[in-house]
Amino acid sequence: MKKIRPLAGAALSAVLLAGCGSGDADSANGTGDTSLTVLAAASLTDVFTEAADRFAREHEGVTVEFSFAGSQELAAQIRQGVPADAVVTADTATMESVAEETGEPAVIAHNELVIVTPPGNPAGVGDLTDLGQDGLRLVLAAPEVPAGRYGEEILDRAGVNVTPVSQEPNVRAVLGKVRLGEADAGLVYATDAASAGEDVLTFPIPAEQNVIAAYPAAVLTTSEHPDEAAAFVSWLGTEPARELLTAAGFLTP
């Protein structure tokens, strides 16, 4: 099992142009560029989309295709041999579960959970204890998802018993249910709540009950472009990337 260290110094659902050195010729696009596939936790969708533009200013010659999904889905893709070059999960346990398929992971960011409700907070939720009230339409991430495991740990710490109306495959699906008014409350990452703006109300979770999530990144051993993939993972620890992560609400190492 590889030890996950912080970076020093600091489903393909979106196709983003970025750059990274000269790279190998990519026969698929015929441009001489290198095409990377990065598997990334769903909670990174917004910040990675923005990071691609910043990355492109500093590098040339690489197209980065991001596949966003729940971390457990990313691990399943890796085990099934889906072609990819790098992976970023929302927890260390999932990364460790695919240790045989990755290089040494490096933590690029941290996150924490919050309670979200629809605007107006129709169920009158204010803290964790309110999530156990009868009739509350609570939505959580499924227990196999990092956000779901974190949520269970938080509720256990608070001594709150809940009966969710659904358990979603990733944290973005939880956020979507709350934004649409299909749930009275949900537990999501602080960064997801921030991305929703005024579409949700956010209630913090006390530090003694909360869980700090770690986001490790690693190059896959099956990558056809290991140098370029390593360059992208390394870039995630640079000051420009840290600035974007911090602005999005992530905590950086």
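Nothing here was measured: the structure is a model prediction, and the numbers come from that model. (Residues numbered from 1 in each chain as written. Predicted model: local features only at pLDDT ≥ 70, side-chain atom pairs only at ≥ 80, totals over all residues. Heavy atoms only, no water.)

**Focus: the pattern of salt bridges**
Summed over the entire model, instances satisfying the criterion amount to eight salt bridges. Where Glu 153 meets Arg 157, a salt bridge forms, and the shortest distance between an N and an O atom there is 2.7 Å. Remark: Arg 157 and Glu 153 occur in helix α4 (residues 146-158); sequence separation between them is four residues, near one turn of the helix. Accessibility expressed as a relative area gives 43% for Arg 157, which makes it partly exposed. One salt bridge connects Arg 172 with Asp 192, and the closest N-O pair in it is separated by 2.5 Å. One end of the pair, Arg 172, is in helix α5 (residues 171-179); the other, Asp 192, is in helix α6 (residues 190-196), with 20 residues separating them in the sequence. A relative accessible area of 23% means that Arg 172 is categorised as partly exposed. The class for Asp 192 is buried, based on a relative accessible area of 0%. (Salt bridge = Lys/Arg side-chain N within 4 Å of Asp/Glu carboxyl O. Helix = DSSP H or I, 4+ residues; strand = E, 2+ residues; numbered from the N terminus. Buried < 20%, exposed > 50% of the residue type's maximum accessible area, 1.4 Å probe, protein only.)

**Focus on the environment of Val 38**
Among the structural elements, Val 38 can be located in strand β3 (residues 34-41). Relative accessible area serves as the criterion here: at 1%, Val 38 is assigned to the buried category. For Val 38 and Ala 218, which are 180 residues apart along the polypeptide, the C-alpha to C-alpha distance reads 9.7 Å. If we ignore the near neighbours within four places in the chain, the residues touching Val 38 are Val 64, Glu 65, Phe 66, Ser 67, Ala 86, Val 88 and Phe 232. (Contact = heavy atoms within 4.5 Å.)

**Considerations on the pairing of strand β4 (residues 61-69)**
Burial runs high along β4: eight of the nine residues are buried. Alignment of β3 against β4, held across eight bridges, turns out to be parallel. What sits directly across from Ser 35, in β4, is Thr 63. A crossover connection joins β3 to the parallel β4 through helix α1 (residues 45-58); in handedness this β-α-β unit is right-handed. (Pairing = 2+ DSSP bridges. Right-handed = clockwise from strand over helix to strand, strands pointing away.)

**A closer look at the packing of aromatic side chains**
This structure, assessed with the given rule, holds eight aromatic pairs. Between Phe 66 and Phe 68, the ring centres sit 5.6 Å apart and the planes meet at 20°, which makes this aromatic pair stacked. You'll find Phe 66 and Phe 68 in the same group, each marked buried. An angle of 55° between the planes, with centres 5.9 Å apart, marks the rings of Phe 66 and Phe 232 as tilted. You can see Phe 66 sitting in strand β4 and its partner Phe 232 sitting in helix α7 (residues 226-235), a full 166 residues away along the chain. (Phe/Tyr/Trp six-rings, centres within 6.5 Å; stacked < 30°, edge-to-face > 60°.)

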